[in-house]
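The chain contents come next:
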Amino acid sequence: FFFLQVLNEKKLQEVDSLWKEFETPEKANKIVKLKHFEKFQDTTEALAASTALVEGKLSKNLKKILKKIVAKDAHEQLAVADAKLGGVIKEKLNLSCIHSPMVTELMRGIRSQIEGLITGLPSREMAAMCLGLAHSLSRYKLKFSPDKVDTMIIQAISLLDDLDKELNNYIMRCREWYGWHFPELGKIITDNLTYCKCVRKVGDRSNFASSDVSDILPEEIEEDVKAAAEISMGTEVSEEDINNIIHLCDQVIEISEYRTQLYDYLKNRMMAIAPNLTVMVGELVGARLIAHAGSLLNLAKHPASTVQLLGAEKALFRALKTKRDTPKFGLIYHASLVGQSNTKNKGKISRMLAAKTALTIRYDALGENTSAEMGAENRLKVETRLRLLEERGIRRISGTGKALAKTDKYQNKSEVKVFDPSGDSTLPVVSKKRKIQEVDEQDTEVAVKAKKFKAEMKEGTAVADGEPVKKKKKKKDKEKQAEEEEVLSEELPSSPIIEVR
């Protein structure tokens, strides 16, 4: 450790031009002066002090030196590059510390001219000590338990996904290639690995009759394959084509075996590094969560809501942008507990599972216990909640307290149904009496409508001299009206009456 005292504080106020004062060692000595220097005994002590400074902690040696400085110059301020370290010093030693952009620029200038400020240390020795300390500090950061290195999990799950893609491509190519020669085999054998083993062992379809594939296929399927090989519609291929197809089948079988081995390795690593997370969501989903976050420690820093949506960031931001419903789950959707629930309860279960998973992740990353008891307890809670939701165990609040909603007991009733032959005919079945009644009703309706139409046609709408037209009456009414008109004409001969019909 070494401490420097600032000689000219006025020049420190100009932060933008402070670098000019450290262009040469002579200028730097005018700004700061070496006050105290403490040498480390060995590399181990230097490594411990450096680690404490990086983590923002106060080491024992630094605490002793600061106590000496406080006894001499208690009124002086201490400039520190790390605000967290300054808070610790102020709390334990009651020494005022300062941290600002000016201090950062001052530290940069001191590092550039450190050889001129500290006399008696050759540049070669200084470079060698810095390099050795840097290597020791890097080794210390990487020196963890090999069982707790989650980088292996990230690489293993990435390789597992790549192998799945390659296997799908190879198998699809193999089925399509051999399908030209024996297309019926692809429909009979659905398992991809069994298909490739069968093709590798037999080769040409004409060899199926004399080959024994009982160690690969069951007896029933073997008979079907041999029968289909005799009447196959496929084309003939050369021996060279068969050899290339067999070589491709060898590749598929080797990759499948390696994938199985890699999956077992990933399962063991997950149980060693994150046993509680593995119990909660499974080794594949847990490994994908760790790979997506970058490390187990980074995943432990995420809240439960982020764990729930990890892997669905694109859908989340698209929903926020378009102001639509946000997604309810990401990678956690592939967990077995979410898959067991129905569509209505998937959101609730994924939210509860994410909350419990966040607790187990923090327990695995920061706890010292390596047992999986906490994960088993939390999984049991989620399963109980899922069972209640599936059985619709809804509680209702009564006057005395909470009680389960009562449901009627289910009773199976066996009913014997008889075939109804009337459903065979598409024509409607109507009785004769009903037909006659319907026809009579239609005839009467037509007659009534015809009479109304004739009556409307006979009525007129013309007007003469402002008087409305009078309706025609029967013959008796007409005779009476004619007699009245004659009487009126005798009494008033000068006023003519116009009758409009």
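Source: prediction; values computed, not measured.

Participant: Sorry if this is basic, but what is going on with the confidence of the model for the protein chain here?
Facilitator: Close reading of the predicted structure is inappropriate where its pLDDT is low. Per-residue pLDDT for the protein chain averages 78, and the proportion of residues at 70 or more is 78%. Long-range and interchain partners of residues 393-405, a stretch whose pLDDT sits below 50, account for 11 contacts in this model, where long-range means more than four residues apart. Note on residues 491-501: pLDDT under 50 across the span, and four contacts to partners over four residues away in sequence or across chains.

Participant: Is there a simple way to think about helix α20 (residues 373-390) in this case?
Facilitator: Taking 1.5 Å per residue as the helical rise, α20 with its 18 residues ought to reach 26 Å, and the 26 Å between its terminal C-alpha atoms agrees with that figure. Within α20 the residues assigned to the buried category are Gly375, Asn378, Arg379, Val382, Leu386 and Leu389. Across the axial projection of α20, the buried residues extend over an arc of 100°, all falling on one side. Opposite the packed face of α20, turned more than 90 degrees from it, sit the exposed residues Glu373 and Glu377. In this fold, the buried residues of α20 make contact with α13 (275-281), α18 (336-340) and α19 (346-366). Among the residues trailing α20, arginine 392 stands out with phi positive, at a value near 55°.

Participant: Explain the packing of aromatic side chains to me, please; I cannot follow it from the model alone.
Facilitator: Aromatic rings in a pair are described by how distant their centres are and how their planes are angled relative to each other. Applying the stated criterion across every chain, the model contains three aromatic pairs. Ring centres of tyrosine 178 and tyrosine 195 lie 6.5 Å apart, and the angle between their planes is 85°; this geometry places the pair in the edge-to-face category. Within this pair, whereas tyrosine 178 is found in helix α8 (residues 151-179), its partner tyrosine 195 is found in helix α10 (residues 192-202), the two being separated by 17 residues in sequence. By relative accessible area, which is 2% here, tyrosine 195 ends up buried. Consider the rings of phenylalanine 182 and phenylalanine 208, whose centres lie 5.4 Å apart with planes at 70°: the pair is edge-to-face. You can see phenylalanine 182 sitting in the loop between α8 and α9 (184-188) and its partner phenylalanine 208 sitting in the loop between α10 and α11 (219-230), a full 26 residues away along the chain. Comparing phenylalanine 182 with phenylalanine 208 shows no difference in burial state: the two are buried.

Cut-offs and rules
- Residues numbered from 1 in each chain as written.
- Predicted model: local features only at pLDDT ≥ 70, side-chain atom pairs only at ≥ 80, totals over all residues.
- Heavy atoms only, no water.
- pLDDT = per-residue confidence, 0-100.
- Contact = heavy atoms within 4.5 Å.
- Helix = DSSP H or I, 4+ residues; strand = E, 2+ residues; numbered from the N terminus.
- Expected span 1.5 Å × (residues − 1).
- Buried < 20%, exposed > 50% of the residue type's maximum accessible area, 1.4 Å probe, protein only.
- Arc of directions from axis to C-beta.
- Phe/Tyr/Trp six-rings, centres within 6.5 Å; stacked < 30°, edge-to-face > 60°.

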